[in-house]
Each structure stands twice: as C-alpha cells, then as structure tokens.
Amino acid sequence: MGDTNKNVARMIYYALHALQHRGQEAAGICVHDGKSIHSYRGIGLVAEVFTETQIALLPGAVGIGHVRYPTSGAHTLENSQPILVKYRDKTIAVAHNGNLVNSGELRSELEGAGDIFSTTSDTEVIAHLLVKEIQRYDLADAVRAVMRRLVGSYSLAIMCNDTVIGLRDPLGIKPLCIGAIDDGIVVASESVAIDALNGRLIRDVAPGEMVVLRDGEMNCIRLVNSPRPAHCIFEYVYFARPDSIMDTKLIYDVRVNIGSILADEHPADADIVSPIPDSGITMAVGYHQRSGIRYKECLMKNRYVGRTFIMPDQSMREAAVRMKMNTIRPNIEGQRIVLVDDSIVRGTTSRRIVKMVKDAGAQKVHVRIGSPPIIAPCYLGIDMASRDELIAAHKTVAGVETVIDADSLGYVSLEGLIRAIGLPEDHFCTGCLTGIYPLDIPGERSMSSQRRLTDFPPNDGGG
Ligand code: 5GP
Ligand code: MG
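Nothing here was measured: the structure is a model prediction, and the numbers come from that model.

Here's the deal with empty space enclosed by the protein
Within the structure shown, the criterion is met by four cavities of 30 Å³ or more. Taken as a whole, the largest cavity encloses approximately 540 Å³ of empty space. Lining the largest cavity are 35 residues, and of these G65, H66, A95, N97 and S189 lie nearest its centre. Elements with a minimum of two residues in the lining of the largest cavity: α1 (8-18), β4 (62-68), β6 (90-100), α5 (122-136), β7 (152-160), β8 (163-168) and β10 (184-188). Among the elements that take part in the lining of the largest cavity, β4 stands out by supplying six residues, more than any other.

A closer look at the side chain of S103
Tracing the backbone through its elements, the reader meets S103 in helix α4 (residues 103-112). With near-sequence residues (within four places) excluded, S103 lies in contact with D122 and V125.

A look at the environment of V338
Among the structural elements, V338 can be located in strand β22 (residues 336-341). Since its relative accessible area comes to 0%, V338 is described here as buried. Along the backbone, V338 and P267 are 71 residues apart, and their C-alpha atoms lie at a distance of 9.4 Å.

With respect to the pattern of salt bridges
According to the stated counting rule, one finds 25 salt bridges in the structure shown. Between R144 and D141 there is a salt bridge, with the nearest N and O atoms lying 3.7 Å from each other. With R144 and D141 both in helix α6 (residues 139-149) and three residues apart, this pair spans about one turn of that helix. Accessibility expressed as a relative area gives 9% for R144, which makes it buried. Using a relative accessible area of 33% as the deciding quantity, one classes D141 as partly exposed. The salt bridge involving R168 is made with D247; its shortest N-O contact spans 2.8 Å. You can see R168 sitting in strand β8 and its partner D247 sitting in the loop between β16 (245-246) and β17 (249-250), a full 79 residues away along the chain. Classification of D247 by relative accessible area gives buried; the value is 10%.

So, how was this worked out
Residues numbered from 1 in each chain as written. Chains lettered and ligands numbered in written order. Predicted model: local features only at pLDDT ≥ 70, side-chain atom pairs only at ≥ 80, totals over all residues. Heavy atoms only, no water. 1 Å grid on protein atoms, 1.4 Å probe; cavity = no way out; pocket = protein on both sides within 12 Å on 5 of 7 lines; lining within 4 Å. Points joined across faces, edges and corners; volume = space filled by probe spheres on them. Helix = DSSP H or I, 4+ residues; strand = E, 2+ residues; numbered from the N terminus. Contact = heavy atoms within 4.5 Å. Buried < 20%, exposed > 50% of the residue type's maximum accessible area, 1.4 Å probe, protein only. Salt bridge = Lys/Arg side-chain N within 4 Å of Asp/Glu carboxyl O.

Right, here's the structure in full:
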C-alpha cells in the first residue's frame, strides 16, 4: 500500500482486519519511512498481534502487511510474513498468498549455490530469487525472471526499499485487486480491504500482471501471459468474504445463485431451510428464494469462540463444539429441515451438526452442499487435507450420506457452480473437485499443456 503523506501502518492494520478470515495464524506489517524498513510480526489474530504502541513504532508512508494461513512450512514466528531479506543496499519484504509447488527444488538449488535460509516457508525462496535477479536487471525484468522459475499460486505484495509491488501469478489462481484511497493506492487480496479504508475498487490485477507503486505513482505491466486464467473456484465457494468483489463477481450474488441452482438440482420435501453458519448463510438464502421453502435458522454460532484448541479428551472436545455452535430447539422440533453448507471436506462438521439437529428433535434432515464433492487435495493455497482425509475421495454421495446420517444429501454440480459464478467454464482451477490441475504437479493429472505461458513482448503490456 502506498499513501503519499499518511502513516500507513494504521491503514494496513485496518485492511488486515478486513482480511482476517484469510488467515488467523499470524499477522505482520512492514513499512518504509524513506530511509529504512520497520517491521513487526506475531503469532495470533491481527488485534492480538498489534497494539497501539506497536503501530506507533511503524512510521512510514508505504508498506505491506499479511495474515498467515499456513499451507507450507512450520507454524513458527520465523515463517510468519512479510518475510524480510537484506542484500547489500536492498531490503526486500515479501507477503505471499498462495503456495509454490516447486519451492523444494528451488530451495535446494539456491542452497547449493550458497544461500542461507532463515525460514522453512516457500515464500523465502521468492525473496532470494528476487534479490539475485535485481542485481542484474531492472525491476520489471527481475520480476519476470523470477516468475519464470515459480510453479504454483502466488499473489504477492513485495516491498523493495520504498517501492511496493503487487504481483499476480500468470494463471491468476489467487485473487488480487487494486483500489484507490484518499491519496494513495492499495493492492489487496479482496476488495473488502479497500472498503475498510473507505476506498474505491479500481479493478482486479490481471493474471501475470505487476503493479508498481512508487512516489505516489502507479505503473502496471503485464509480464507473463497465459491463454486462460485458472482462478481458484473454492474462493467463490468458501474462502472469500461475501461482500468482496472478486474477478468482477460479487461473492454474495454467486453464493445466492449457488443456493438457487442447488434448489433446482436437489429439491427437498421440507418445512424449513436453514444454513450451517456462517459459511452456508447466503446459499441457504438462495435455496429458500428459489424453492419457496421458509427460511428459518436452526443453529447459531458463537462468534467469540476463537480457534478450536486441541482439547485433551473427547468430553472437552464436545464441550468446545457446543460452545461454538448451538441449536435453536423450538425451530427444529418436528420439522423437516434442509440444512445448507458450502462444502464437506472431512465430513466431521456435517456429521456432528446432523446429529445435533436430530437430537434437537428434527423429523428429517436433508443436507445440501454448495460445491461438488471435494475429491482431491489442494496444492495451490487451500489447506485441504491429503486424499486420505477427504471423505468424498473414497466414498460415493450415498456413502457420505450414510456417514453423516442425513436423510438425503445433494451437492451442486460443477456445471451449476460455474453457472452460478458466471465466468467462462475454462477460467478456473478445479483441482480439488476434479483432480485435474492447471499446472504440472508431480503424481497428479494436469491440463497445463493447454495453458502454456508466454512472456508479454517488452513494452506491449502496459496499462
Ligand atoms: P469438514 O467437512 O471437514 O468437517 O468441514 C466442512 C466445513 O469446514 C464447512 O462448513 C466449511 O465451511 C469449512 N471449511 C471449508 N474449507 C475450510 C478451510 O480451508 N478452513 C476452515 N477453517 N474451514 C473450512
Ligand atoms: Mg462452515
């Protein structure tokens, strides 16, 4: 984020708050005050990591921030971001959303050449590569050279001395957008961060595009081109906030559409529709609107229960679950209920909730899910279990229905999901739903031959 005269750390703090759902493990902010970089990182939620005093110790008009959701590397403070590396007169800070598939190889190669790493995060590899290329090339060519080496998903905020760069991988797997605020420019994963600063969404960063913020000016350069993007479809299903606009689509509308298509594809003979909060709410609204079945909530989530701690025994775990989610008994007793959720990953949530709702007196429980079955792991930024843990990887829909003990179970079709989003059908990464990935992943099927990347010719991508 660049802001010509303000203290930017506080604004980054607000933006990170708006993005808290994207990662709860750690938070960090790096700023540049015209002379040097100041940074602070910690384990925990944004509000736990940053106090007033901490923010005051971060002077500067440009900076970047990050909330961490671990997909690669150990859960330690060193692995929290932005990651900082120094080389001669350059300090480079990198904040990364996504996951590299080839970071192991790149790291071995760099270590073979004498690099010393201070973290186990895939993001540090990006910082090291950039430091090397920046000694040889100007910024755009250095970043282009780094991009040619990276395989995986990466939306990046990079600060090189006092220049801030936003960069989206050539397939645009993870989101990134640009906004205008009072007297500055923001690049963020979701538009809700721009809203939090009372700014205006300008547009999405294009796949393979670099946005350079320097001296209050913005320069955009398309570095690498792909015939088609491969946006993470799970952002629309679960990850993003409903009030975000992502790759031109309002997530709220997408999820209402999903619910509506679910109602067409999997109708139910029921008295009420209820979401599994919070992720199922907008989809349940869509199901209700389309089916005409009354909307009535059966479950309430306690928003103040933090991450579920590792409980020492089963009875404590159950107490924690009850603390997090409670049934509204009078709404449930004797009713035939459609329960709507966004996804089934391991199946433990659905099983538990169906049981709670039945114990509270439901006559029938019909589960409806706003994504197709998740049958394959994610290597590109969603912490989605290995195949062993994915219930739909080894069970049919009927098998999952039995395990979660629902009276019926219906998942939205892939075609229906894509129609609900409204982008062209070949513009997504659907790896978790199809087992086919948009780039080469060892041991997995890919369609990367259809997505060959090419460099944009010099001076041809501006904009
Ligand atoms: P499961 O089937 O594994 O018990 O969980 C499914 C539930 O987890 C759904 O309600 C869905 O909203 C939520 N979920 C899906 N993906 C993720 C994720 O990446 N992180 C977290 N914390 N929850 C997720
Ligand atoms: Mg959920």
